[in-house]
Amino acid sequence: MKTVAIVGASLAGARAAQELRAQGFDGRVVLVGEEPHLPYDRPPLSKAFLAGTASRESLDLLDADDLASLDVRLGTRAERLDPSTGRLVLSDGELEADGVVLATGGRARALPGTESVAGVHVLRTLDDALALREELVPGARVVIVGGGFIGAEVASTCCGLGLDVTVLEALPTPMARVLGPELGSICARLHGRNGVALRCGASVAGLSTLDGRVTGVQLETGEVLPADIVVAGIGMVPAADWLDGSGLAVGNGVRTNAGLVTSLPNVVAAGDVAAYGPAGTRHEHWTNATEQASVAVANLMAGQVVREYEPSGYVWSDQYAGTLQLAGHPSPEDEVRFADGGPDDESFLATYHRDGRTVAVFGLNNPRGFGRLRRQALRRPVPVG
C-alpha cells in the first residue's frame, strides 16, 4: 500500500492520519477536507469558543509535525468513489489511492424551510459557531429547538452570556433516549436552576419573520415565543450521500462489519459516518471517533479484520457549572441506582442495571469518583448492535 486517502478532515480523519503513522505506515497520506479549515475540535464550539473564551488555535487537532507528514487538501469536496480501484473524484480533480478511510462525519439537520431566514442557526462546524457567536449580543432572546447535548450546551453558554434563553424539547423529558427518564429529569432541573425556561412536549409549527429575519417561534398549540435567535439542535445526517452508486452499502451512514471495514478491505470508515456491525450502529460522540480510528487503520493496513471495535460508550457534557459523564450503554428501561449522593444533590454517581449486570455509569460533578466507579463496574465492555 503506497497511498491512503482520508476523506474528511474531521476528528476521526485527523486521528486516522495520526494512527497511520503511529502504526508504521510510511507511504503517502492524503487528507481531503470539504471545509477550508484544518481539522479542529468540535466540543468547544458549543462552549468556550462560542462564549468567546477559547481561540481558534486552541481547537487545532494536528500539530506541525503531523501536517508535515501529510498531503492536506482543504476546501475540496469528495464527489464519487470507485472502491475497487480506490479512485476518488474530487471537486478539484481525481485521486488514486490504495486504501481509503471514510471520515466525512455528518451535517446538522436544519429546521425545514429556514435556510434563508436570518437569525436561524445550526451548530456543527466552525463557521456555524462563528456565525452564531456574532449574533449573541446583549439583550438577544434565544430559542433553542432540541434539548439534547448540543441544545443544552448552547443554552448553558447563552445563559452565561446573560441572554434570555428558552429550550424546546419534543419529548416529555430531555435526553431521555440517552440517559433514561430519571436522570434525564435531573438534567432538566439544571436548566431551571440556572434561569433557563425548558418547555417539554413542545412541537414547532413554524417561525414568525419580518423582512426575512426570525421574530418568533410558532408552537403547534398556537403560542408564539418571541425570538431574535433560533438554534436548531435536532441531530445530524451522516455525510454519505456522495457514495451512492459506489457499490458500498449506505444506510444511516456507511455500513461496515465489526472491524469498521466496508464490503471491500481497502475501504474503512470511522466516526459519525460509520454504521458498524449487523445492526448498523452509529455513535455521534468525540470518544467514539478517536477509538474507531485506531481500529479502522489497523484493519486497513492488515487487509482484513484483525481487531473488532468495542465501544466504551464514554460521553461527557459541560452544562452550566456542571460536568456530566456517562460510560457504557444504558437503555431507558434500565434500573438506576445511586452509588454516591442522590438525585437532588449537586454531585452524585449512579449506575444502570439490566439482567443482573451493570451496563453503564453516570456521574454529575464527580470526575474522580466516576473514573473509579467506571473501572470497578465496567470491567468488560458491554456489546451493542
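Since the model is a prediction, treat every value here as computed from it, not as a measurement.

Trainee: What is the right way to read the overall build of the protein from this model?
Mentor: Within the protein one finds eight helices and 25 strands. For a compact globule of 385 residues, the expected C-alpha radius of gyration is about 21 Å, and the protein comes in at 21 Å, within 12% of that figure. Expressed as a percentage of the 385 residues in the protein, the buried residues total 53%. Partitioning the intrachain contacts of the protein with sequence separation of at least 6 by distance along the chain shows that 59% fall at a separation of at least 24. Of the roughly 16,600 Å² that the protein leaves accessible, carbon and sulfur atoms contribute 49%.

Trainee: Sorry if this is basic, but what is going on with the UniProt feature "domain: Reductase C-terminal" (unreviewed entry) in the protein here?
Mentor: Taking the UniProt record as the reference, the feature "domain: Reductase C-terminal" (unreviewed entry) is found at residues 314–375. In residues 314–375, the share of helix is 15% and the share of strand is 53%. The end C-alpha atoms are 12 Å apart.

Trainee: Please explain helix H7 (residues 286–302) as it appears in this structure.
Mentor: Three- or four-residue spacings in an α-helix give side chains the same orientation, since the helix completes a turn every 3.6 residues. Here H7 contains 17 residues, and its C-alpha end-to-end distance of 25 Å stays within 8% of the 24 Å for a straight helix at 1.5 Å per residue. Of all 17 residues making up H7, 13 are buried, and the element is well covered by its neighbours. Downstream of H7 by one or two residues, glycine 303 has phi in the positive range, about 75°.

Trainee: So what exactly am I meant to see when it comes to the packing of aromatic side chains here?
Mentor: The geometry of two aromatic rings is summed up by the distance between their centres and the angle between their planes. Within the structure shown, the criterion is met by six aromatic pairs. Centroid distance tyrosine 276 to tyrosine 309: 5.3 Å. Interplanar angle 80°. Geometry classified as edge-to-face. Here tyrosine 276, found in strand E20 (residues 274–276), pairs with tyrosine 309, found in the loop between H7 and strand E21 (315–319); they are 33 residues apart in sequence, far enough to count as distant. The two residues tyrosine 276 and tyrosine 309 agree in class, both being buried.

Trainee: Got a minute to help me understand the nonpolar core in this structure?
Mentor: Where a protein is soluble and globular, its nonpolar side chains tend to be buried together. Counting 50 residues, the largest nonpolar core has Ile6, Leu81, Leu88, Leu102 and Trp242 as the members making the most contacts within it. Residue contacts for isoleucine 6: discarding those within four places in its chain leaves Gly13, Ala16, Ala17, Leu20, Val29, Val30, Leu31, Val32 and Val101. Core analysis: the second largest hydrophobic core is formed by 42 residues, Tyr40, Phe49, Ala140 and Phe149 among them.

Trainee: Looking at this structure, how should I read the UniProt feature "domain: FAD/NAD(P)-binding" (unreviewed entry) in the protein?
Mentor: The sites that carry the UniProt feature "domain: FAD/NAD(P)-binding" (unreviewed entry) are, in the present numbering, residues 3–293. Overall, residues 3–293 shows 24% helix and 29% strand. The separation of its end C-alpha atoms is 17 Å.

Scoring rules and cut-offs
- All residue numbers refer to position in the chain's written sequence, counted from 1.
- In keeping with the model being predicted, local features are shown solely for residues with a pLDDT of at least 70 and side-chain atom pairs are shown and tallied solely at 80 or more, while totals for entire chains, interfaces and linings include all residues.
- Side-chain calculation: all heavy atoms of the structure are included, whereas hydrogens and water are not.
- A run of DSSP states H or I qualifies as a helix once it reaches four residues; a run of E qualifies as a strand once it reaches two. Both are numbered from the N-terminal end.
- Radius of gyration: C-alpha atoms only; globule rule: 2.2 Å multiplied by the number of residues to the exponent 0.38.
- Exposure categories follow from relative accessible area, calculated using a 1.4 Å probe and restricted to protein chains: below 20% of the type maximum is buried, above 50% is exposed, and the middle band is partly exposed.
- Note on definitions: a residue-residue contact is assigned when non-hydrogen atoms from the two residues lie within 4.5 Å.
- Surface accessibility follows the Shrake-Rupley procedure with a 1.4 Å probe radius. Residue values consider only the protein chains on display as shielding.
- UniProt positions are given in the numbering used here, feature names are shortened, and annotations may be inferred rather than shown by experiment.
- Take the residue count of a helix, subtract one, and multiply by 1.5 Å to get its expected span.
- Stacked, tilted and edge-to-face are the three classes assigned to paired rings of Phe, Tyr and Trp, where Trp is represented by its six-membered ring and a pair needs centres within 6.5 Å; plane angles under 30 degrees give stacked, over 60 edge-to-face, the rest tilted.
- Nonpolar cores were defined as sets of buried Ala, Val, Leu, Ile, Met, Phe, Trp, Tyr and Cys residues, with membership established by side-chain atoms within 4.5 Å.

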